[in-house]
Amino acid sequence: MTSAIEILWKQALKTFDGQRNVGFKLCQKNFDKLWNLMNKITAEDVNLNKQVLDFIKIQPAPMCVIDIFENKDLTISIFILKHGVTMPMHDHPGMHGFLKVISGEVQVNSYTLKTNDDHIMKLNKEISALRHRPISLNSKSPACILTPRDKNLHEISSIEGPAAFLDILSPPYDVDESGEGPRPCTFFKTINSMLYTDSPDIIEEVKLLVVEGPPDFCSESLKYTGPPLI
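All of the points below concern the structure found in this document. On a predicted model such as this, the values are computed, not experimentally measured, just so you know.

**A few points about the overall build of the protein**
A tally of regular secondary structure across the protein gives three helices and eleven strands. Computed over C-alpha atoms, the radius of gyration of the protein comes to 17 Å, within 12% of the 17 Å expected from 2.2 N^0.38 for 230 residues, which places it in the range of a compact globule. Along the three orthogonal principal directions, the C-alpha set of the protein runs to about 50 × 45 × 35 Å. Taking as baseline every contact in the protein between residues at least 6 positions apart, the subset at least 24 positions apart corresponds to 76%. Split by element, the accessible area of the protein, about 11,600 Å² in all, is 52% carbon and sulfur.

Quick look at the structure:
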């Protein structure tokens, strides 16, 4: 019998095949099907059990990562944040993505840049963005979506942890974008904000500063022990 994670993986391959190629057009029907499959994934489907979560609690690193799959078009991973930990605000240059909580609870703050900036941003650059209303997600919540434009930046806080979420990104980081060079992960911090009242989904207009990756935020890699992808 085909496992739920294998079905999800095959749909992800179908949805994002050739994503980094010039002229690629995302099929909305495939994208919606992938989102629906993502919504059904559970911790049991990827063998994320109590033993693994208890092991996370005693690790020194604030976050653990389980890599499930990667090719030139997409990555599938599980991120596990210890209780009270916040993954710093970062971007996903030119990417589509899904985030599905499978254990614990997180709060997600998402941001949409006001300008179509290049995916390589210089340190200390200031940039304007819109901060969306924070959302809390648990294992019963649908997957949240980011696109190359909307809600592309986010920070994620574990409010009931260890909190684990399944993550699909396409294309992966460090894959060339149409010959323009690799897609680095850029980090930001808020330096100014003001209330925004033109949309119920947006609460602030913020000024962000491009910063170096936090030196004290590291991760530990764990081996994937769920059903194989064939």
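There is more to say after this.
**Some remarks on the pairing of strand 3 (residues 86-90)**
Across the five residues that make up strand 3, a large majority, four, are buried. The sheet contact formed by strand 3 and strand 8 (residues 153-170) spans three bridges and is antiparallel. If you follow threonine 86 over to strand 8, its bridge partner there is serine 157.

**Topic: the pattern of salt bridges**
With the rule as written, the count across this model stands at six salt bridges. Between lysine 57 and aspartate 54 there is a salt bridge, with its nearest N and O atoms 3.6 Å apart. Of this pair, lysine 57 and aspartate 54 both sit in helix 3 (residues 50-57), three residues apart, which is roughly one turn of that helix. Glutamate 205 is the partner of lysine 114 in a salt bridge, and the nearest nitrogen-oxygen pair spans 2.9 Å. In this pair, lysine 114 is assigned in the loop between strand 4 (96-113) and strand 5 (126-132) and glutamate 205 in strand 10 (residues 202-211), connecting sequence segments 91 residues apart. The exposure class assigned to lysine 114 is partly exposed, which follows from its relative accessible area of 41%. Taking the relative accessible area as the measure of exposure, glutamate 205 reaches 19% and is therefore buried. Ionic contacts of the salt-bridge type, sharing partners, join the residues Lys50, Asp54 and Lys57 into one network.

**With respect to the nonpolar core**
As a rule of thumb, soluble globular proteins bury nonpolar side chains together. Counting residues in each nonpolar core, the largest one holds 31 residues, and the members touching the most others are Leu8, Leu48, Ile78, Ile80, Leu166 and Ile168. Mapped by element, the contributors of at least two residues to this core are helix 1 (4-16), helix 2 (28-40), helix 3, strand 1 (63-70), strand 2 (75-81), strand 4 and strand 8. Among the elements that take part in this core, helix 1 stands out by supplying five residues, more than any other. Residues in contact with leucine 8, not counting those within four places in the same chain, are Leu34, Leu37, Met38, Ile41, Leu166 and Ile168.

**Focus on the packing of helix 1 against helix 2**
Viewed as axis vectors pointing N to C, helix 1 and helix 2 meet at an angle of 160 degrees, and their least axial separation amounts to 9 Å. The orientation of helix 1 with respect to helix 2, classified from their angle, is roughly antiparallel. The hand of the helix 1/helix 2 crossing is left-handed. Contacts from Ile7, Leu8, Gln11, Ala12, Lys14, Thr15 and Phe16 of helix 1 reach helix 2 at Asn30, Phe31, Lys33, Leu34, Leu37 and Met38. Across the contact of helix 1 with helix 2, the residue classes break down as eight nonpolar, three polar and two charged.

**A short note on the packing of aromatic side chains**
A complete count under the given rule lists four aromatic pairs for this structure. With a centroid separation of 6.4 Å and 85 degrees between ring planes, the pair formed by phenylalanine 16 and phenylalanine 31 is classed as edge-to-face. One end of the pair, phenylalanine 16, is in helix 1; the other, phenylalanine 31, is in helix 2, and 15 residues separate them in sequence. Exposure class is identical for phenylalanine 16 and phenylalanine 31. Each is buried.

**Quick notes on the environment of proline 162**
Inspection of the secondary structure assignment puts proline 162 in strand 8. Spatially, the C-alpha atoms of proline 162 and valine 85 are 9.0 Å apart, while their sequence positions differ by 77 residues. Once residues within four sequence positions are removed from consideration, proline 162 is found in contact with Leu53, Ile56, Lys57, Ile80, Leu81, Lys82, His83, Ser103 and Gly104.

**Examining helix 2**
Note that an α-helix has 3.6 residues per turn; residues three or four places apart therefore point the same way. When the terminal C-alpha atoms of helix 2 are compared, their 19 Å separation across 13 residues agrees well with the 18 Å that a helix rising 1.5 Å per residue should span. The elements touched by buried residues of helix 2 are helix 1, strand 4, strand 7 (144-146) and strand 8.

**So, helix 1**
End to end, helix 1 covers 18 Å across 13 residues, agreeing with the expected 18 Å (1.5 Å per residue, within 8%). Among the residues of helix 1, Ile5, Glu6, Leu8, Trp9, Gln11, Ala12, Thr15 and Phe16 are the ones counted as buried. Residues of helix 1 that are buried make contact with helix 2, strand 1, strand 2, strand 4 and strand 8.

Criteria and cut-off values
Residues numbered from 1 in each chain as written. Predicted model: local features only at pLDDT ≥ 70, side-chain atom pairs only at ≥ 80, totals over all residues. Heavy atoms only, no water. Helix = DSSP H or I, 4+ residues; strand = E, 2+ residues; numbered from the N terminus. Rg over C-alpha atoms; globule rule 2.2 N^0.38 Å. Contact = heavy atoms within 4.5 Å. Areas by Shrake-Rupley, 256 points an atom, 1.4 Å probe, with all protein chains shown as cover. Buried < 20%, exposed > 50% of the residue type's maximum accessible area, 1.4 Å probe, protein only. Pairing = 2+ DSSP bridges. Salt bridge = Lys/Arg side-chain N within 4 Å of Asp/Glu carboxyl O. Core = buried A, V, L, I, M, F, W, Y, C linked by side-chain atoms within 4.5 Å. Axes fitted to C-alpha atoms, helices over the stretch in contact; angles between N-to-C directions. Parallel < 35°, antiparallel > 145°, perpendicular 65-115°, else oblique. Left-handed = near helix turned anticlockwise from the far one by under 90°. Nonpolar A, V, L, I, M, F, W, Y, C, P; charged D, E, K, R; others polar. Phe/Tyr/Trp six-rings, centres within 6.5 Å; stacked < 30°, edge-to-face > 60°. Expected span 1.5 Å × (residues − 1).

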